Each structure stands twice: as C-alpha cells, then as structure tokens.
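Now for the letters of each chain:
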Amino acid sequence: MPPAVCATRKPGSEGDFRREVEAFLTATAQRRDAWQYFRDRSGATAELYRELGRRGWLSIAWPEAEGGMGLPPAYEFALWDEMAFARAARPPIAAGLVARSILEYATPAQKQAWLPGIAAGELGFSLGYSEPEAGSDLTGLRTRAHRDGEVYRVTGEKRWTSDAHHADFLWLLCRTGDLASRARGLTLLVVPMSSAGIVITPIDTIDGHRLNEVRLDDVEVPVANRLGEEGEAWSITQAALARERHLQILPGRLRRDLADLVTWARRSSLLARDDVARRLAELTSWLDAVTATAARIVDDVSAGRDTTVAAARQKVVGTALMQQIARLPLEYGDLSQVVEGQPFEFLWRECVLESIAGGTSEVMADIVARRALSLGT
Ligand SMILES: Cc1cc2nc3c(=O)[nH]c(=O)nc-3n(C[C@H](O)[C@H](O)[C@H](O)COP(=O)(O)OP(=O)(O)OC[C@H]3O[C@@H](n4cnc5c(N)ncnc54)[C@H](O)[C@@H]3O)c2cc1C
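Cut-off values and rules
Residues numbered from 1 in each chain as written. Predicted model: local features only at pLDDT ≥ 70, side-chain atom pairs only at ≥ 80, totals over all residues. Heavy atoms only, no water. Helix = DSSP H or I, 4+ residues; strand = E, 2+ residues; numbered from the N terminus. Rg over C-alpha atoms; globule rule 2.2 N^0.38 Å. Buried < 20%, exposed > 50% of the residue type's maximum accessible area, 1.4 Å probe, protein only. Contact = heavy atoms within 4.5 Å. Areas by Shrake-Rupley, 256 points an atom, 1.4 Å probe, with all protein chains shown as cover. Lys, Arg positive; Asp, Glu negative; His and termini not counted. Charge placed at Lys NZ, Arg CZ, Asp CG, Glu CD. Near = heavy atom within 4 Å. Polar contact = N/O pair within 3.5 Å; in protein donor to acceptor, adjacent residues only side chain to side chain. Nonpolar A, V, L, I, M, F, W, Y, C, P; charged D, E, K, R; others polar. Phe/Tyr/Trp six-rings, centres within 6.5 Å; stacked < 30°, edge-to-face > 60°. Lys NZ or Arg CZ within 6 Å of the ring centre and 35° of its normal. Salt bridge = Lys/Arg side-chain N within 4 Å of Asp/Glu carboxyl O. pLDDT = per-residue confidence, 0-100. Axes fitted to C-alpha atoms, helices over the stretch in contact; angles between N-to-C directions. Parallel < 35°, antiparallel > 145°, perpendicular 65-115°, else oblique. Left-handed = near helix turned anticlockwise from the far one by under 90°. Expected span 1.5 Å × (residues − 1).

Participant: How would you sum up the overall build of the protein chain? Please name residues and give values.
Facilitator: In terms of regular secondary structure, the protein chain is built from 11 helices and 8 strands. Relative to its length of 377 residues, the protein chain is compact, with a C-alpha radius of gyration of 21 Å against a globular reference of 21 Å. The buried share among the 377 residues of the protein chain stands at 51%. Of all intrachain contacts in the protein chain linking residues separated by at least 6 positions in sequence, the fraction that spans at least 24 positions is 72%. Accessible surface computed for the protein chain: about 16,800 Å², of which carbon and sulfur atoms make up 53%. Here the protein chain contributes 45 positively and 51 negatively charged side chains, and the mean placements of these two sets differ by 2 Å.

So this is what it looks like as structure tokens:
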C-alpha cells in the first residue's frame, strides 16, 4: 500500500509552482530568521519542512505509487531554488539522498516504516559518510559492522556529520568486508540515533555552524535496518547522488548574494566607479552561466543522463562565484564588512565551507580533468 502523505493539491505548470512557492515564502517569512538557510535543520527549519510535508512538496518528485506527486525533477529544483533565494532552507537530507535510495532499494516493510515520516517532514536523517581518515575517498572508510545473528555490531567514528545532534537516524556507510575490498565491502545501515553506544561531540565551524563527530561503540543495529544487500552500498549511494545533482548548486542562493552585493555597492556609492560596475557585470555573467548549467543538469537528471562532469564543473564554478561575491566588499577596502554581524562578513566565512562540503573543488576539478579532458592517471 503506498504511504499516505496528506491531502495535497497537485501544482499546475512549473512556472505556476515557482510563483506558488514564492507566495508561500513571502507569507511565512515572519516565522524564520532572515538567514535561516544557513542554520542547521532543527527548530524553524524543521517546522518549515513539516509545512512543506503537509503540502506534499517534500515528495513532489517521488512516484505517485509511493505516495509522491510524480512530477519531474524540475519542480523539485524550482522549490529549492526559491527556498535558497529566500534564504529559507536547504533541501533536507531525508527527503533527498535518503528517500531516493529507499524508493529504489528498500523492502516494502522499510518503505512503510520510513517514507511516510520523511514525506511529512517528521523524520530527520544525518549522513554518516566521512571519517577522520576518509573524506574525498570514501572507499577507505573504516567504521566496521559485523553480523551477529539478527543484528550488526558497529564500531567506528564519523566526522563532520551535519545535523547528527538532532536527527532521528544516521544513514551509515560502513565496512562489512575487509579494508582491501574498498568499495565492494561497504554496506548501508539505518541507525536510530537513540541506540546505546553512540556519542556525539560538536565541532564548531568557521561560520558558527555545528558539525559533529559521531562515535559508535559496539552499537547494535537490526539486520532489518540494512538497505540493499551487504556490500551493495557503493552502487546505491552513487545512484542516489546521480539523481540528486540538480539540487547541489542552487542559483537562487547566488542570485540573492549578488542582489545583496549590488545593494551594498549602491549604499557605499561604489557603483559610480567603472571598475566596480565592471566587476559586478562580470559576476552577473558568471551567474548566468551557472543558471544555464543548472537548467541543463535538471534536464539531464530528468532524462537519466550522466551528470557527473557537468555537476563537478558546476560545483567548482558555483562555489568560486560564491567566494568572489562574498569577498568583493573587502577587496574594495570596505572594512565595515569585516565587522561581525554584517552580511558579507558572514558570507565570507560561510563560503569557505561551500567548496569543501559535498566534495572539494580540487576533487571536482580532478573529475573534470579526467572525464572531460582525459588528463591525469
Ligand atoms: C559544512 C560541511 C558539512 C559537511 N557535512 C557532512 C555530512 O553531513 N556527512 C558527511 O559524511 N560528511 C560531511 N562533510 C564532510 C565532507 O564531505 C568532507 O569534508 C569532504 O568530502 C572532504 O573530505 P576531508 O575533509 O576528509 O578532506 P580530505 O579528503 O582529507 O582532503 C584534504 C585536502 O586534500 C585534497 N584532496 C583530496 N583528494 C584529492 C585528490 N584526489 N585530488 C586533489 N586533491 C585532493 C582535498 O581537496 C582537500 O583540500 C561536511 C563538510 C563540511 C565542510
């Protein structure tokens, strides 16, 4: 039986939907702070997810047979692009990567257990991929799970785990084979964060955000919480990533940062200077390129075409543009923008993280070099 989400109305055209999201965001702006997008996924963000869940928007691109609206990825892109422009919220991990994997690989019982809560915005997941010794290359990860009857016993350490301190589950990539088995020895487990043996320690980031270290000491996880077969995790995570690439760089975020930059230039009367006007025009041209690439990635994801190279290129260019926008006021000597609490002081610190999270710019450039230019080993 498909999981019932709630009574929802299917939107009209993609343009109509974008306007509906925009109107919703304007009407609800008072319920969140103006920089909510940069907060973790608890509090007002969790409340916003629940509101989106009630409208059926978190599952807008899931198949109808699974309780979704069955609309193309372009609707999902429009939703999160508008959310980014309004600085309201980032896409949730639960209704994104996690749901995509569950839809494709979970058993009917697992779908019944997790999908309705995810679609409603009630269940939060955090991604347990990176470790102290494995980030860019996850095939070397060491968190170990060994089977003991109807449970796995898991021991290891995850690092940089966003939202672990308030999530309901850890989406855990762990090793069931030996270290030499690399990607072939990896398995996905859904670990309740309330399990005995989990210790979470905060890690503060440069933008005042909280990441976490998650230690697992002989944590018991039911075999029923394994997604797919043992050793199958690599193909599951790669397939989910491929279907999520249209949400990785949202031009709405850049449109908003650039709009703030133009406002700053007007207020500081630098807009009258030709060199400043030229720099702003250049940044606008880069934004046009990022927007065009985003549209292409949406099309490619919809058609099931490979987006690895386009998404890697987009990550390099999109995050470099974020950094150029954030750093421009200081480049022109506006020291007021390095005072804490000023928008560009915050964006300056935050944009450092953007080129690391979800794959570093160096690693993305490597993908472009190897795959598009046939360079390297
Ligand atoms: C804000 C933020 C949120 C995050 N959230 C999560 C999360 O929720 N869950 C999670 O699992 N992880 C998360 N991460 C971790 C993130 O995925 C990793 O930091 C990232 O993949 C890099 O891994 P690493 O930190 O181990 O660096 P390393 O892989 O050790 O890299 C160190 C340096 O070497 C460079 N490098 C590495 N390999 C190559 C290569 N082949 N070619 C060229 N240069 C290379 C890198 O570019 C980098 O400069 C988050 C990170 C940040 C910043």
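Participant: Describe the site of the ligand, with residues and values.
Facilitator: With respect to spatial proximity, 17 residues lie near the ligand, and among them Ser130, Ser136, Thr360, Glu362 and Asp366 are the closest. At 2.6 Å from an oxygen atom of the ligand is found a side-chain nitrogen or oxygen belonging to serine 136. One of the backbone N or O atoms of tryptophan 160 is found 3.0 Å from a nitrogen atom in the ligand. Surface burial for the ligand is 65%, taken as the share of its 970 Å² of free accessible area covered by protein chains. Class assignment for the residues of the shell around the ligand results in 8 nonpolar, 7 polar and 2 charged.

Participant: Requested: an account of the packing of aromatic side chains, with residues and values cited.
Facilitator: If you walk through the whole model with that rule in mind, you get 11 aromatic pairs. Ring geometry for phenylalanine 17 and tryptophan 57: centres 5.1 Å apart, planes at 90°, overall edge-to-face. Taken together, the residues span a long stretch of sequence, with phenylalanine 17 in helix H1 (residues 14-28) and tryptophan 57 in the loop between helix H2 (43-55) and helix H3 (73-85) at a distance of 40 residues. Tryptophan 57 shares its class with phenylalanine 17; the two are buried. Lying over the aromatic face of tryptophan 160, arginine 159 brings its terminal NZ or CZ to 5.7 Å of the ring centre. Arginine 256 extends its terminal NZ or CZ atom over the ring of phenylalanine 85, reaching a point 5.8 Å from the ring centre.

Participant: Would you mind going over helix H4 (residues 94-105) in detail, with residue names and values included?
Facilitator: Counting buried residues along H4, 10 of its 12 residues qualify, which places the element largely inside the surrounding structure. Turning to H4, its buried residues are Ala94, Ala95, Gly96, Leu97, Val98, Ala99, Arg100, Ser101, Ile102 and Leu103. Where H4 is buried, its residues meet H3, helix H5 (108-119), strand S1 (125-128), strand S4 (169-175), strand S8 (226-227) and helix H6 (233-242).

Participant: Explain the pattern of salt bridges residue by residue, including any values.
Facilitator: Inspection of every chain in the model, using the stated rule, returns 43 salt bridges. Salt-bridge contacts for aspartate 300 lead to arginine 296; the nearest nitrogen and oxygen are separated by 3.9 Å. A residue pair is termed a helical-turn pair when its members lie 3 or 4 positions apart in one helix, as aspartate 300 and arginine 296 do in helix H8 (residues 274-303) at 4 residues. Across the pair aspartate 366 and arginine 370 runs a salt bridge, and its minimum N-O distance is 3.7 Å. Placement of both aspartate 366 and arginine 370 in helix H11 (residues 361-372) is noted, with a separation of 4 residues, approximately one turn of the helix. Via salt bridges that share partners, Arg87, Arg90, Arg253, Arg256, Asp257, Asp260, Glu350 and Glu354 belong to a single interconnected network.

Participant: Kindly report on the confidence of the model for the protein chain, identifying the contributing residues and their values.
Facilitator: Mean pLDDT over the protein chain: 95, with 98% of residues reaching 70 or higher. Note that pLDDT drops below 50 for residues 1-6; the model gives that stretch 16 contacts with residues more than four away or on any other chain.

Participant: Please give an account of the side chain of threonine 308 that cites residues and values.
Facilitator: Position of threonine 308 relative to the elements: it lies in helix H9 (residues 308-331). A polar atom in the side chain of threonine 308 sits 2.5 Å from the side chain of aspartate 306. Discounting residues that sit within four places of it in the chain, threonine 308 has contacts with Arg245, Ile367 and Arg371.

Participant: Lay out the packing of H1 against H3 with the relevant residues and their values.
Facilitator: Interaxial distance between H1 and H3 falls to 9 Å at its minimum, and their mutual angle equals 30°. Classified by the interaxial angle, the pair formed by H1 and H3 is roughly parallel. Viewed along their axes, H1 and H3 form a crossing whose handedness is right-handed. Across from Glu14, Phe17, Arg18, Val21, Glu22, Phe24 and Leu25 in H1, the residues of H3 making contact are Ala74, Tyr75, Phe77, Ala78, Leu79, Asp81, Glu82 and Met83. Residue classes in the contact of H1 with H3 are distributed as 10 nonpolar, no polar and 5 charged.

Participant: Just give me the short version of helix H10 (residues 343-354), but keep the residues and values in it.
Facilitator: Along its 12 residues, H10 runs 16 Å from first to last C-alpha, staying within 8% of the 16 Å computed at 1.5 Å per residue. Among the residues of H10, those classed as buried are Phe344, Glu345, Phe346, Leu347, Arg349, Glu350, Cys351 and Glu354. The inward-facing, buried residues of H10 contact helix H7 (251-267) and H9.

Participant: A description of the environment of leucine 97 should follow, citing residues and the corresponding values.
Facilitator: Its place among the elements puts leucine 97 in helix H4. In this structure, the C-alpha to C-alpha distance between leucine 97 and glutamate 331, residues 234 residues apart in sequence, is 38 Å. Aside from chain neighbours lying at most four places away, what touches leucine 97 is Leu127, Tyr129, Ala240, Leu241 and Glu244.

Participant: For unusual backbone geometry, give the residues involved together with the corresponding values.
Facilitator: Located in the positive-phi region is arginine 87, a residue other than glycine, with phi close to 50°. Locating arginine 87 in the fold gives a position in the loop between H3 and H4. Here tryptophan 160, not a glycine, exhibits a phi torsion of approximately 65°, which is positive. One can find tryptophan 160 in the loop between strand S3 (151-159) and S4.

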